2 protein chains.
Amino acid sequence: MTSPRQIHLGVSMRNPYHIAAWRHPDAPSRAEIDLDNYVQVAQIAERGKFDMAFLADGVGVRAKEHAARHMVAHDIVNFEPLTLLGALSMVTSRIGLIATASTTYNEPYHIARKFASLDHISKGRAGWNLVTSWSEAEALNFGLEQPPEKLGRYDRAAEFVEVVKGLWDSWDEDAFPMDKASGTFFDPSRMHVLDHRGRHFTVRGPLNVPRSPQGRPVIIQAGATDRGREIAAAHADVIYAASQTLAEAQAFYRSVKDRMPKYGRRPEQLAIMPGFSIIVGATEEEAQRKFRVLQDLLDPQVGLMMLYNMVGDFSGYDIDGPVPRLDAAPQVRSEILYGIAEREKLTIRQLYERIAVSRGHHSVVGTPEQVVDEMEAWFTQGGADGFNILPPHLPGGLADVVDMVVPELQRRGLFRKEYEGTTLREHLGVVVAPGERSSQPFQGEVA
Amino acid sequence: MTSPRQIHLGVSMRNPYHIAAWRHPDAPSRAEIDLDNYVQVAQIAERGKFDMAFLADGVGVRAKEHAARHMVAHDIVNFEPLTLLGALSMVTSRIGLIATASTTYNEPYHIARKFASLDHISKGRAGWNLVTSWSEAEALNFGLEQPPEKLGRYDRAAEFVEVVKGLWDSWDEDAFPMDKASGTFFDPSRMHVLDHRGRHFTVRGPLNVPRSPQGRPVIIQAGATDRGREIAAAHADVIYAASQTLAEAQAFYRSVKDRMPKYGRRPEQLAIMPGFSIIVGATEEEAQRKFRVLQDLLDPQVGLMMLYNMVGDFSGYDIDGPVPRLDAAPQVRSEILYGIAEREKLTIRQLYERIAVSRGHHSVVGTPEQVVDEMEAWFTQGGADGFNILPPHLPGGLADVVDMVVPELQRRGLFRKEYEGTTLREHLGVVVAPGERSSQPFQGEVA
Ligand SMILES: Cc1cc2nc3c(=O)[nH]c(=O)nc-3n(C[C@H](O)[C@H](O)[C@H](O)COP(=O)(O)O)c2cc1C
Ligand SMILES: Cc1cc2nc3c(=O)[nH]c(=O)nc-3n(C[C@H](O)[C@H](O)[C@H](O)COP(=O)(O)O)c2cc1C
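Fair warning: this is a prediction, and the values are worked out from it, not measured in the lab.

Peer 1: Explain the site of ligand 2 to me, using residue names and the numbers behind them.
Peer 2: All names here are of chain B. Surveying the vicinity of ligand 2 reveals 18 residues, the closest of which are Asp57, Lys150, Tyr154, Ala224 and Thr225. Interatomic distance of 2.5 Å between a side-chain N/O atom of lysine 150 and an oxygen atom of ligand 2. Within the side chain of threonine 225, a nitrogen or oxygen atom sits 2.4 Å from an oxygen atom of ligand 2. For ligand 2, whose free accessible area comes to 600 Å², the fraction covered by protein is 94%. Taken together, the residues of the shell around ligand 2 break down into 9 nonpolar, 6 polar and 3 charged.

Written as structure tokens, this is what we have:
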């Protein structure tokens, strides 16, 4: 059966949306710490037949003192993602559930166990967004003054993901006969002891969770630089990317897919999904009006704070003057932002206004046709396999996408009308065959 | 309002129950890895107005190779507790939800965050069972050959719990005005930076979760030796204890409560809840018959395996000869088991048959009146403030307790007929007053 290639859709359930979103008259100001809001968002996305709902995360209050009180909630307070997704798995039945977890401040056994557990509890819908963490605020909560330098972080990440995949392969599908008559609970020949001894980790295993419904939970990667791309090419099922333009997206797409063959992987085994901020209206005017409601709520202090977190401290400069290159160490998206400012000749104020809606991701404001024209171009011209939708505010902004954009995608045959499978891997078309084991070298040993 | 002192009830949702439970004709063999089973158990306990449902835990496959395949599921595979309790919080509304987490293999920031999140998600029903972990299997999953020695573990635990409590105090109740009009999301003067610098941990904070509905999640402690009791006296709201006899229970009870005044705490602020294994029938005969069904399913290999995990390796000795003192390093409950064997002059076989139902906890087999007579004696004679019920198998064994024992407790005025509050702290009568902060020294600092 050869069905035409289909777009994959995710939604970011918190951050980044418009940085003034919490002040929007229709948005709950407590969104990040309101269980009911998450329930609504996940259910709206499932109504829209989305592949997955995504939780960005950090393990610290990532705000600086100046203007801190104006910050949006996501960077200040929220819920731990696995606990939250455990809850959301009970009020949804099809949509994939993705949590971000850092390889820098965690142990692989805990991570393997949690995502395997979520995969069981959700009946095959769990995914792990692997990040290496960048902020100083997080380092300070784990006994460090600064995050470890980037290459060291990625070195640890590369070993970390191999251990996790090895632990997920601890048990064969049929390891548990649970035969009451003979008293045979499990079959020791179907248990595999990992016995990993590496540079960063020594982990014996086996994992104390049976092989999970998806075989392995889905792995998402969200780092843009070279080492990040390499890990993604070797291990990821999905990349959550950030590209400003189609040309950038195409270059990124090629660069990652070209690395896959050397790991014995085919390009179709990895879905590249850039963030896409969408503000949609029945007319262009309505869309622009929705946009302006949010822009008008922007406080300059919040704008500077956002730039502080993404690039550095501009508070000593004329807000209506050109964007200077700072001496500060480059932050997560410094280059993207300097690039925009230079290309479009923006002042500091114009720069934060420009990125307030999506913080460096691509954004579209328009009618369903205009939005889908852009998505179709990215999808058919080698820029994307799908999109991680960034609604400007929740849940309303997502409901708009589901009610206006999704039908247009379906009309053009670009997106499913019904879920065909029940697991996230089925939605993504990256099913793990029964008996398939991690390609990573690991010494199986039978107890 | 002075209501008479009431018994508190918890149920252990996995382990220890009768070690042959998975073979019971009415029990699901997959209990530990079956979400529906946990849902049923939690809902039955809530129907019984229990204070809490409890998840024991370990981070490894705690079984040895010989006879491993006969082992019960709990020690082999299960779900990560926080993820699971996130799910159970959505299908229950009153019962407290307790997860075990080790201070030896975790970081305090993660633990503080997860339990605070669960407390929000469950609307005030979260509790943390603090353990220090004892098994070699766990150590091997975290880069160690052996668990750190006990005093070192407790040293770390003592600092760990102070950090966690400090992090839970990061935000005042009214820290988030979220005033859309003025754009004030939070009030920096209501945020407290912990800035802990200790022997084991350096943690800046603040926690990225707002103050939780209970003020602080409930702290349960489950270690029996001196250092464990000391931590409990200083910090715990509940102790999960293991006492074989009323005399033992009384000695333990006094020993812990006597330590509380030096921490400025009153005895009523800590509920001591020994494990109580209950097999109940309408007649004594029926109860004994239920017991024999399980005893007849006991495999000698499983019996030896259980002794191996609790004391040491008896496989080289005559199973029908007396219990020898092994040279092996003492295990978690070695002394309890040697004590039973000596007092009751048991053979190896008789010892494992004797403890198969509750693994060292007290057990009762009888009519509702007989069971409640024992509970009342422990409760009124200074042995217990409540009980952690260990049903012989789940969910059936718990349903028996709820349908037969709970009504008898209620008839005697010893147990609530309805929940009066909605949070676990309200059930336990240990509410944290608004504005009350951890008594531990921590340097508050305003950003
Ligand atoms: C689209 C995207 C989303 C990200 N989401 C998170 C996140 O939720 N939490 C986090 O700690 N880091 C996040 N990161 C940061 C990355 O994991 C990584 O630490 C950082 O980008 C530095 O690596 P790089 O230089 O390879 O991009 C994200 C990065 C990108 C590009
Ligand atoms: C009633 C009881 C329940 C326990 N439950 C657990 C558990 O679920 N997981 C665990 O790792 N340890 C558990 N422990 C072990 C203790 O946390 C502790 O590590 C061990 O008892 C050694 O400390 P101690 O000598 O103070 O008792 C339990 C101990 C007791 C007495």
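Peer 1: Lay out the interface of chain B and chain A in plain terms, naming residues and giving numbers.
Peer 2: Each partner contributes to the interface: chain B provides 75 residues, whereas chain A provides 75 residues. Taken together, the two surfaces of chain B and chain A that pack against each other cover about 6,400 Å², and 65% of this comes from carbon and sulfur. One can count 2 salt bridges joining chain B with chain A. Between the two partners, chain B and chain A, sit 32 residue pairs in polar contact (both at pLDDT 80 or more). Those elements that place two or more of their residues in the side of chain B that touches chain A are α1 (35–47), α2 (81–88), α3 (108–121) and β6 (202–203) of chain B. Per element, the largest residue contribution to the side of chain B that touches chain A is 8 residues, and it comes from α3(B). For the side of chain B that touches chain A, the per-class residue count stands at 40 nonpolar, 21 polar and 14 charged.

Peer 1: Explain helix α6 (residues 226–235) of chain A residue by residue, including any values.
Peer 2: Counted residue by residue, α6(A) has 7 buried out of 10 residues, so it is predominantly covered. Where α6(A) is concerned, the buried positions are Gly228(A), Glu230(A), Ile231(A), Ala232(A), Ala233(A), Ala234(A) and His235(A).

Peer 1: Quick one: what's the story with the relation of the copies chain B and chain A, residue by residue and with numbers?
Peer 2: Comparison of the two chain copies shows a relationship of rotation about an axis with a shift along it. When chain B is fitted onto chain A, the two copies agree to an RMSD of 0.0 Å after a turn of 180° and an axial shift of 0.0 Å. Accordingly, the operation relating the two chain copies is best matched by a two-fold axis. Of the residues that chain B buries at the interface, 100% are likewise interface residues in chain A, meaning the two copies contact each other through the same surface.

Peer 1: Let's hear about the side chain of Arg14(B): which residues, and what values?
Peer 2: Residue and element names in this part refer to chain B. Mapping arginine 14 onto the fold places it in strand β1 (residues 8–14). By relative accessible area, arginine 14 is classed as buried at 0%. Among the polar contacts listed, one links the side chain of arginine 14 to the backbone oxygen of phenylalanine 79, at a separation of 3.1 Å.

Peer 1: Talk me through the site of ligand 1; I want residue IDs and the actual numbers.
Peer 2: Residue and element names in this part refer to chain A. Neighbouring ligand 1 are 19 residues, the closest being Asp57, Lys150, Tyr154, Ala224 and Thr225. Here an oxygen atom of ligand 1 and a backbone polar atom of alanine 224 are 2.7 Å apart. Within the complex, 94% of the 600 Å² of free accessible area of ligand 1 lies under protein. Every element with two or more residues in the shell around ligand 1 is listed here: α5 (150–168) and β8 (238–241).

Cut-off values and rules
- Residues numbered from 1 in each chain as written.
- Chains lettered and ligands numbered in written order.
- Predicted model: local features only at pLDDT ≥ 70, side-chain atom pairs only at ≥ 80, totals over all residues.
- Heavy atoms only, no water.
- Near = heavy atom within 4 Å.
- Polar contact = N/O pair within 3.5 Å; in protein donor to acceptor, adjacent residues only side chain to side chain.
- Areas by Shrake-Rupley, 256 points an atom, 1.4 Å probe, with all protein chains shown as cover.
- Nonpolar A, V, L, I, M, F, W, Y, C, P; charged D, E, K, R; others polar.
- Contact = heavy atoms within 4.5 Å.
- Buried area = accessible area lost by both parts, 1.4 Å probe.
- Salt bridge = Lys/Arg side-chain N within 4 Å of Asp/Glu carboxyl O.
- Helix = DSSP H or I, 4+ residues; strand = E, 2+ residues; numbered from the N terminus.
- Buried < 20%, exposed > 50% of the residue type's maximum accessible area, 1.4 Å probe, protein only.
- Least-squares fit on C-alpha atoms with pLDDT ≥ 70 in both.

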